[in-house]
Amino acid sequence: MVELLVVLVIFGLVSALALPNLSRTYQSLSFQGEIEEIEIRLAALGRQAFFSSESIEIDDDEKFYERVTLPQGWSVQVLEPLIVRSNGVCIGGKVILSKLEFSKIVQVSAPHCSVPND
């Protein structure tokens, strides 16, 4: 019976140490998945401009929200205007994506509005 109690205490200690790390890992993976989703939406701006035959210029936060749907809880700050010509060529831009205490600077690159991997 004592051995069982010792095993349960050890299991409890290991769980107490591992669960906070597991929660942080899950949150980090969730954020990364949402960032990738936003990057895919940014890359789609070239196609949107091409098919509508209209240039897209996102030079403030409100215009960003009009063009790119963010997952719930995310906010954006436009640092450098994001410009896409009507022929679908992306000039580039830079934004900060934030959610809770997490933030990431995203540099959008020409000519396909791609986001280089870090």
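Parameters and conventions
Residues numbered from 1 in each chain as written. Predicted model: local features only at pLDDT ≥ 70, side-chain atom pairs only at ≥ 80, totals over all residues. Heavy atoms only, no water. Buried < 20%, exposed > 50% of the residue type's maximum accessible area, 1.4 Å probe, protein only. Helix = DSSP H or I, 4+ residues; strand = E, 2+ residues; numbered from the N terminus. Pairing = 2+ DSSP bridges. Disulfide = S-S within 2.5 Å.

## Notes on the pairing of strand β3 (residues 90-99)
Alright, step 1. Across the ten residues of β3, seven count as buried, placing the element largely inside the fold.
Alright, step 2. With seven bridges connecting them, strand β2 (residues 75-84) and β3 associate as antiparallel partners. For E80, the partnering residue across the bridge sits in β3 and is K94.
Alright, step 3. Linkage of β2 to β3, two consecutive antiparallel strands, is achieved through a turn of five residues, within which G88 is found at a positive phi near 95°.
Alright, step 4. The antiparallel pairing of β3 with strand β4 (residues 102-108) creates a hairpin that spans two residues between the two strands, and L100 there sits at a positive phi of about 55°.

## Section: the state of the cysteines
Alright, step 1. What the rule picks out here adds up to one disulfide.
Alright, step 2. C90 shares a disulfide with C113; S-S distance 2.4 Å. On the sign convention where negative is left-handed, the bridge of C90 and C113, at about 100° about the S-S bond, is right-handed. Linking C90 in strand β3 with C113 in the segment after β4, this pair joins segments that are 23 residues apart in sequence. The two residues C90 and C113 agree in class, both being buried.

Function cannot be read off these values alone, since they describe shape.
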